Each structure stands twice: as C-alpha cells, then as structure tokens.
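Secondary and tertiary structure notes
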Amino acid sequence: MYQRIEEVNSEDSVGKKVKVRGWIYRKRRSGKIVFIIVRDSTGIVQSIVEKNSVSNDDFKSAVKAGIESSVIVEGIVEKDERSPTGYEIKTTSFNVVSYAEPFPITEYQSDELLMNLRHLWLRSRKMTAIMKIRDTVFKGFHEFLRGEGFYEVHCPMFVSTAVEGGSTLFEVPYFGRKVYLTQSSQFYLETMIFSLEKVYTVAPSFRAEKSRTRRHLTEYWHGEAEAAWFSNEDMMKLEERMIEHIVELVIRERKNELDILGRDVESLKNVQAPFERIRYDKIVDIATEIGIDMEYGEDLGADEEREITKRFNAPVFITHFPAEIKPFYHRPDPENPSVVLCHDMLAPEGYGEIIGGGERIYEIEVLRKRLADEGWKEEDYYWYVDLRKYGSVPHAGFGLGMDRAVMWIAGLDHIKYAIPYPRTIRRVTP
Ligand code: 4AD
Ligand code: MG
C-alpha cells in the first residue's frame with residue numbers, strides 16, 4: 001500500500017509509517033544526511049535519508065540518484081518546521097526504480113529550450129499547476145452544461161465546408177481529393193438540436209491563423225453548445241452563469257495551484273453574473289475615447305480588446321456587430337438588419353475574446369442570400385440548408401476557447417502555457 005504525498009503532509013500521518021513513490025524534485029547532501037524532496041501528482045515532501053537509519057545500499061542509492069530519478073521511499077512521518085511542507089519522512093528504506101540521466105532543465109532556461117523539452121517541462125510545478133487548473137476548467141464546462149440538460153455529442157474533424165471563412169482553413173489530402181480540418185463543430189451541432197434540442201461538444205478546432213499573437217493556436221480546444229428555441233439573450237444568460245460556475249470551481253478546488261502561479265484571486269472573485277452588455281457601436285466610441293484608432297465596421301483586434309478589457313474587472317459581452325465582419329450564419333437583427341444578433345464575451349484584465357456566439361439564421365431565404373453574398377455554393381452546404389427546410393426553429397449557440405479560458409483564469413501571459421503541446425505556425429514538436 002502506498003500513500004499519496006498529500007496524505008503524508010497531514011497531522012494524521014505524524015508518527016505513522018508510510019510508503020510513497022514518485023520522482024526526485026530537489027536534493028541536497030550534508031555529510032551523513034541526504035535531503036531529498038520527492039514529488040508525486042499530489043505534492044512534494046522531504047525525505048531525510050540518514051546513513052545510520054538505512055542500509056548501506058540504500059544510502060548509496062540516495063547519494064547517487066539525481067533529479068527526476070523515480071524512487072520508492074518508506075519511513076516515519078515527523079513534523080519539522082524547517083522542511084518545505086512542515087512534515088518530513090524519516091526514511092528507513094530508499095529504493096531507486098530508475099536512475100535519471102542529468103536532467104536537461106535547470107533553473108534559468110530560454111523559452112525556446114523549454115518548448116523543445118516540453119515533454120519534460122510538463123513535470124515542473126508551474127506546468128503541473130496549470131494542467132490541474134485546466135482539468136478543472138474542462139470539468140466545470142461539462143458539469144455545468146450537463147446540469148442544464150445539454151447532451152454531449154461528437155462531430156467530425158475532417159470536413160468539407162468552412163464555418164468561419166475560407167482564409168483560416170487547413171487543407172488535408174484525402175484519398176485523392178481535398179478536405180479540411182474543422183474550424184468549429186457548430187454546423188454539426190445545429191443538425192443535432194432537431195432531436196436533442198440542447199447539445200454540446202468539446203473538441204479541437206483548427207485555424208490556419210497567420211497571426212502570431214499571445215492568444216492564437218493553430219489547433220485549440222473548443223467548447224461549443226447549441227440550443228433550439230434559444231435567443232441571443234438566452235444564450236448570453238447561460239454563458240455568464242457557466243463562466244461564473246467555472247471560475248468559482250477553480251477558486252474552490254485549485255487554490256493551491258492559483259497560489260503557485262501567483263494568480264490574483266481577488267480579481268477572479270469579481271466574475272459574477274450578470275455581465276455587462278455593450279453594443280458594438282458603443283465600443284467604437286469607447287475605443288475613440290481611450291485613443292484607439294478604430295472606425296465603425298472594423299473588427300476588434302487583440303490590441304483593441306486588451307485596452308478595452310483592462311477597464312473592466314469582470315467579463316463583458318459585445319453585441320450587435322456589423323454583419324459584414326461576422327460569418328454568414330449570424331442572424332440579422334430584424335430591427336436593423338445591418339447588424340447581427342451575436343455576441344463576443346471578452347475576459348477582463350486585458351485578456352479579450354474567449355467566447356463567440358449568437359442566433360443563427362433560421363429562415364431559408366435569408367440563409368440562401370447570405371451564402372450567395374459570401375460566394376459560397378449552396379450545394380456544398382446542402383445539409384446545412386436542409387435544416388431550414390424541415391421544421392426550422394430559432395436557435396443559438398456559442399463557442400468557448402478552452403485554452404483561452406485557462407490562460408485568463410490561471411493568469412498566464414501566453415496561450416502556449418495553457419495547453420500541454422501548443423501548436424503554432426512555428427511549432428509542431430514535440
Ligand atoms: O469566435 P469563433 O471563431 O467562433 C466560432 O468558431 C463559432 N462557430 C463558435 C460557435 O458559435 N459555436 O471562435 C470561438 C472561440 C473564440 O472566442 C476564441 O476564444 C476561440 O474560439 N478561438 C481560438 N482560440 C485559440 N486559438 C485560436 N486560433 C482561436 N480562434 C478562436
Ligand atoms: Mg470570434
């Protein structure tokens with residue numbers, strides 16, 4: 001029986017015999033004592049290996065084993081203020097499962113090297129903390145939507161149609177013809193609302209983004225939902241409660257990890273629904289006020305979003321974008337068809353867009369016209385158009401950039417830290 005290190009670091013374990021397994025995190029020798037900090041997935045604890053308390057062989061192993069060697073340690077738990085966690089193991093047996101070669105990552109390394117050694121860097125305390133927060137963000141997403149009666153469904157990644165415009169499509173050779181990697185599962189989710197009404201999926205989306213920014217990946221994780229009978233406003237109400245739920249869960253379950261990352265938790269506590277809703281035309285005014293050069297009809301770029309969201313301490317919705325800067329499927333506002341019933345949710349503190357969503361066109365004539373306006377062929381979208389022939393209903397949906405949500409909630413300054421193996425223009429290894 002093995003104990004988790006988390007259990008060892010507790011009042012209940014003091015005086016008890018324990019056995020843990022993990023990897024050497026830090027090590028220092030002082031004559032006849034070797035201080036070895038061992039880590040497992042739950043934490044770290046110091047093992048004191050004294051020459052007189054273990055066999056000769058065990059002491060030699062402790063002296064020889066370097067950082068990241070895998071080990072099994074047995075001993076008695078004692079309290080000691082000087083040890084990093086306040087508890088330590090007075091070791092009676094020290095076994096090395098596998099001696100590590102000199103570990104290539106030391107304290108100060110270039111980002112490039114760390115990215116090349118990503119498979120090893122993932123073991124660091126910082127990356128471990130981020131991965132645990134990421135896990136909680138995904139858990140919160142699933143938990144919330146299932147709680148709201150959404151069914152989880154799965155959509156194809158090889159597709160034959162664009163969703164978000166042609167310029168960011170990845171082409172893939174496919175048995176003598178060309179297909180694409182999906183930009184969004186939205187259209188497939190739309191097909192499923194006619195049976196399940198409320199559906200969601202978490203899957204990769206692919207974007208051949210030429211932009212080298214802190215928040216663009218070429219392959220990212222996309223949490224998308226679609227619901228029959230929902231209006232744009234209904235969807236925003238759902239999303240703000242969802243984001244509140246996810247952030248609360250992270251604050252509750254990942255306090256330690258937020259601490260390790262130095263995340264300012266107070267600012268996360270401001271994330272409470274309802275979020276402010278601002279119309280796009282108002283944003284143009286705000287931008288002008290704070291000295292950003294932006295004209296009506298221009299999309300918000302990363303810089304604009306950063307400046308605007310720095311002024312808010314909770315997420316905000318931007319609604320009623322001009323139709324021409326949004327993909328064809330967005331439903332025009334019946335009161336002013338030059339704008340669409342959609343929304344972007346921007347995260348505060350400069351993070352910017354994390355969600356895009358809105359109402360979909362459900363009238364077949366309007367959809368046909370928009371497809372034609374944008375130069376898409378109806379036959380390529382026959383199945384999407386069909387949905388408007390057989391019992392069409394008003395509906396809405398959204399897509400949350402999961403990695404961007406992790407980046408914001410964990411307080412990271414680049415999206416590449418938010419995902420185990422980031423894919424960017426320059427990097428597909430390891
Ligand atoms: O705003 P986007 O392009 O919207 C859609 O794809 C809709 N079809 C979603 C839907 O309604 N079902 O993408 C949605 C979100 C963005 O708000 C952003 O958070 C994230 O996906 N995203 C990216 N994340 C990382 N890297 C990229 N290159 C991203 N592009 C979009
Ligand atoms: Mg968007």
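Residues numbered from 1 in each chain as written. Chains lettered and ligands numbered in written order. Predicted model: local features only at pLDDT ≥ 70, side-chain atom pairs only at ≥ 80, totals over all residues. Heavy atoms only, no water.

1. Topic: the pairing of strand β17 (residues 352-359)
Along any regular strand the residues' side chains alternate between the sheet's two faces. Buried residues dominate β17, accounting for six of its eight residues. When strand β16 (residues 342-347) meets β17, the two strands line up antiparallel, connected through six bridges. In the strand pairing of β17, leucine 346 is matched with glutamate 353. As defined by bridge partners, β17 adjoins strand β18 (residues 395-401) across five bridges and the pair is classed as antiparallel. Its bridge partner being in β18, glycine 357 is matched across the sheet by phenylalanine 398. (Buried < 20%, exposed > 50% of the residue type's maximum accessible area, 1.4 Å probe, protein only. Helix = DSSP H or I, 4+ residues; strand = E, 2+ residues; numbered from the N terminus. Pairing = 2+ DSSP bridges.)

2. Structural notes on the site of ligand 1
Taken together, 22 residues lie near ligand 1, and Glu164, Gln186, Glu224, Glu353 and Ile354 sit nearest. A distance of 3.4 Å is found between an oxygen atom of ligand 1 and a backbone nitrogen or oxygen belonging to isoleucine 355. Glycine 401 has a polar backbone atom sitting 3.3 Å from an oxygen atom of ligand 1. When ligand 1 sits alone it has 630 Å² of accessible area, and the protein chains cover 94% of it. Among the secondary structure elements, those contributing two or more residues to the shell around ligand 1 are β11 (219-228), β17 and β18. Considering each element in turn, the shell around ligand 1 owes the most residues, four residues, to β17. (Near = heavy atom within 4 Å. Polar contact = N/O pair within 3.5 Å; in protein donor to acceptor, adjacent residues only side chain to side chain. Areas by Shrake-Rupley, 256 points an atom, 1.4 Å probe, with all protein chains shown as cover.)

3. Section: unusual backbone geometry
Along the chain, alanine 273 connects to proline 274 via a cis peptide bond; the corresponding omega equals 0°. Geometrically, the link from threonine 429 to proline 430 is a cis peptide bond, its omega value of -10° lying close to zero. Note on placement: proline 430 falls in the segment after α14 (402-410). Positive phi outside glycine occurs at histidine 320, with the angle close to 55°.

4. Focus: the domain arrangement of the chain
The accessible area lost on association of the parts is a frequent measure of interface size. Entries for the chain in the domain assignment read domain 1 (5-98) and domain 2 (118-417). Here the C-alpha centre of domain 2 lies 46 Å away from the C-alpha centre of domain 1. (Domains from an automatic or database assignment.)

5. A closer look at helix α2 (residues 56-64)
Listing the buried residues of α2 in full gives Asp58, Phe59, Ser61 and Ala62. With its buried residues spanning 160° around the axis, α2 presents them on a single face. Set apart from the buried face of α2 by more than 90 degrees, the exposed residues are Asn56, Asp57, Lys60 and Lys64. Structurally, α2 contributes buried residues whose contacts are with β1 (17-30), β2 (33-40), β3 (43-50) and β5 (87-98). (Arc of directions from axis to C-beta. Contact = heavy atoms within 4.5 Å.)

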